[in-house]
Amino acid sequence: EVRARGRLDDARLLYKRMVEIAPEAFIGWYSLGRIEFETGRFQEAEDALLRAAKIDVTSPLPHLLLAQLYEQQMQPHAARAEWLALLRCDPNHQEAHRRLGLLYLNEGDTEAAVGEFDAAARSLDESGELERAITLLGELGPAADHPVVQERLGELLWRSERSTEAKAAFRRAAELHLAA
């Protein structure tokens, strides 16, 4: 409640007290890490979130914040490790697949990136977010010009009853396969 009112310093003190009283409480360390992250205390955030991740190895929450923290700190290898750790906890986490795909794309690994973008679109589709899946694949820029992406896009467009666009995507996928 203190955090919700915008009193982050008070919330920080409360969470620090919580972890002193209950040093094995996941929620205390995670919440402290989140507050530290939100207030720009990145080293403190990292320390608290790593502690939370050790306490509850099945929770994706600390990995999500750690990955974002490492991306902000321009540490792509550490960010990739955290996105992968998050996916071990939650294999269908579409944002983790998307962000991991972007990291792979920045590293020049188009095939790995396409695999992650495809997984993100599949996850969105399976959760009933067909239009978001189409948007995701349509916004990939040059990475969208890959046969796997075009095939998935064609399939999604077809299912959303956009047959003209679907046919164009399938046609482009065929052209890309033939050119390979």
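That block above? That's the structure.
Residues numbered from 1 in each chain as written. Predicted model: local features only at pLDDT ≥ 70, side-chain atom pairs only at ≥ 80, totals over all residues. Heavy atoms only, no water.

Caption draft 1: The arrangement of the overall build of the chain in detail. Counting its secondary structure elements, the chain contains ten helices and zero strands. Element order for the chain, N to C, with α for helix and β for strand: α-α-α-α-α-α-α-α-α-α. Against the compact-globule benchmark of 16 Å for 180 residues, the chain has a radius of gyration of 20 Å, which places it well outside the compact range. Seen along its three principal axes, the alpha-carbon backbone of the chain occupies a region of about 65 × 30 × 25 Å. A total of 180 residues make up the chain; the buried ones form 44% of that total. Sequence separation of 24 or more characterises 41% of the internal contacts of the chain that already satisfy a separation of 6 or more. Roughly 9800 Å² of accessible area belongs to the chain as shown, and the carbon and sulfur atoms make up 53% of that amount. Charge-centre separation for the chain: the mean point of 22 positive side chains lies 4 Å from the mean point of 31 negative side chains. (Helix = DSSP H or I, 4+ residues; strand = E, 2+ residues; numbered from the N terminus. Rg over C-alpha atoms; globule rule 2.2 N^0.38 Å. Buried < 20%, exposed > 50% of the residue type's maximum accessible area, 1.4 Å probe, protein only. Contact = heavy atoms within 4.5 Å. Areas by Shrake-Rupley, 256 points an atom, 1.4 Å probe, with all protein chains shown as cover. Lys, Arg positive; Asp, Glu negative; His and termini not counted. Charge placed at Lys NZ, Arg CZ, Asp CG, Glu CD.)

Caption draft 2: Quick peek at the pattern of salt bridges. Following the criterion strictly, the structure yields 20 salt bridges and no others. When the shortest N-O distance is used, the salt bridge between Glu 36 and Arg 12 registers 2.8 Å. Of the two residues, Glu 36 sits in helix α2 (residues 26-38) while Arg 12 sits in helix α1 (residues 8-21), which places them 24 residues apart along the sequence. Like Arg 12, Glu 36 is buried. (Salt bridge = Lys/Arg side-chain N within 4 Å of Asp/Glu carboxyl O.)

Caption draft 3: Local environment of the packing of aromatic side chains. Applying the stated criterion across every chain, the model contains two aromatic pairs. Both rings, one in Phe 26 and one in Tyr 30, keep their centres 5.8 Å apart while their planes meet at 5°; by these two values the pair is stacked. Residue Phe 26 and its partner Tyr 30 are located together in helix α2, separated by four residues, close to a single helical turn. Summarising the burial analysis for this pair, Phe 26 and Tyr 30 share the class buried. (Phe/Tyr/Trp six-rings, centres within 6.5 Å; stacked < 30°, edge-to-face > 60°.)

Caption draft 4: Structural context of helix α4 (residues 61-72). The terminal C-alpha atoms of α4 lie 17 Å apart, and with twelve residues this matches the ideal 16 Å at 1.5 Å per residue to within 8%. What α4 keeps buried is the set Pro 62, His 63, Leu 65, Leu 66, Ala 67, Leu 69, Tyr 70 and Glu 71. Residues of α4 that are buried in the fold lie against α2, α3 (42-55), α5 (76-89) and α6 (94-106). (Expected span 1.5 Å × (residues − 1).)

What is shown is where atoms sit, not what they do.
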